[in-house]
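# Inside the fold
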Amino acid sequence: NTIENYYVNSINLAISELDLNNENKDVVDEYLIKIAELTNEYKSLTQELNTKGVNDVTINALISNLQLRLQLLQRLQKQLKKLNTLNTKQNETHV
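Since the structure is predicted, the reported quantities are computational estimates derived from the model, not experimental observations. (Residues numbered from 1 in each chain as written. Predicted model: local features only at pLDDT ≥ 70, side-chain atom pairs only at ≥ 80, totals over all residues. Heavy atoms only, no water.)

### Some thoughts on the overall build of the protein chain
- A tally of regular secondary structure across the protein chain gives 3 helices and 0 strands.
- The N-to-C order of helical and strand elements in the protein chain reads α-α-α.
- Rg of the C-alpha trace for the protein chain: 17 Å, well past the compact-globule value of 12 Å for 95 residues, more than 25% over.
- Across the protein chain, the centroid of the 10 positively charged side chains sits 4 Å from that of the 12 negatively charged ones. (Helix = DSSP H or I, 4+ residues; strand = E, 2+ residues; numbered from the N terminus. Rg over C-alpha atoms; globule rule 2.2 N^0.38 Å. Lys, Arg positive; Asp, Glu negative; His and termini not counted. Charge placed at Lys NZ, Arg CZ, Asp CG, Glu CD.)

### A closer look at the pattern of salt bridges
- This model, assessed by the stated rule, comprises 1 salt bridge.
- One salt bridge in this structure joins Asp29 and Lys25, with 2.7 Å as the shortest N-O distance. Taken together, the residues Asp29 and Lys25, both in helix α2 (residues 25–52) and 4 residues apart, mark about one turn of the helix.
- Given a relative accessible area of 30%, Asp29 falls into the partly exposed group.
- Among the residues examined, Lys25 registers a relative accessible area of 44% and is labelled partly exposed. (Salt bridge = Lys/Arg side-chain N within 4 Å of Asp/Glu carboxyl O. Buried < 20%, exposed > 50% of the residue type's maximum accessible area, 1.4 Å probe, protein only.)

### Examining the side chain of Ser10
- Position of Ser10 among the secondary structure elements: in helix α1 (residues 2–16).
- Classification of Ser10 as buried rests on a relative accessible area of 18%.
- There is a polar contact of 2.9 Å between the side chain of Ser10 and the backbone oxygen of Tyr6. (Polar contact = N/O pair within 3.5 Å; in protein donor to acceptor, adjacent residues only side chain to side chain.)

### Brief notes about the nonpolar core
- With 19 residues, the main nonpolar core has Leu18, Leu73 and Leu76 as its most contacted residues.
- The biggest single contributor to this core is α2, with 8 residues.
- Those residues in contact with Leu18 that lie beyond four places of it in its chain are Val28, Leu73, Leu76, Gln77 and Leu80. (Core = buried A, V, L, I, M, F, W, Y, C linked by side-chain atoms within 4.5 Å. Contact = heavy atoms within 4.5 Å.)

### A short note on the environment of Asn22
- Along the chain, Asn22 turns up in the loop between α1 and α2.
- Placed 42 residues apart in sequence, Asn22 and Ser64 show a C-alpha to C-alpha distance of 32 Å.

### A word on the environment of Ala36
- For Ala36, the location among the structural elements is in helix α2.
- Each C-alpha atom, one on Ala36 and one on Arg69, is 9.1 Å from the other, the two residues being 33 residues apart in sequence.

### Here we look at the layout of surface pockets
- In this model, the largest pocket occupies a volume close to 200 Å³.
- Together, Asn1, Ile3, Glu4, Tyr42, Thr46, Leu49, Ile59, Leu62, Ile63 and Leu66 line the largest pocket.
- Taken together, the elements giving at least two residues each to the lining of the largest pocket come down to α1, α2 and α3 (56–94).
- It is α3 that provides the largest number of residues to the lining of the largest pocket, a total of 4 residues. (1 Å grid on protein atoms, 1.4 Å probe; cavity = no way out; pocket = protein on both sides within 12 Å on 5 of 7 lines; lining within 4 Å. Points joined across faces, edges and corners; volume = space filled by probe spheres on them.)

Fair warning: the whole summary comes from geometry, so function is off the table for now.
As structure tokens, this is what we get:
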């Protein structure tokens, strides 16, 4: 549960720190759709855990799911920084 809290808090923090604007909305939406799919998968795994009992395979799948969501958000943050840098350079060129 401590591992889960760590990842959930990290995921929520990463989402809250996203710099959203009209220029990156499509990219952000794409990532958030993937993260929502992983969240639904996580819920299914949790239900499986509750019905079948604790087992290493399900626990590892839950942890991998959390790690993947966090990695996707970190990748999104890097991509947004690149987009912001490109937009800044383009704006400086047009001035």
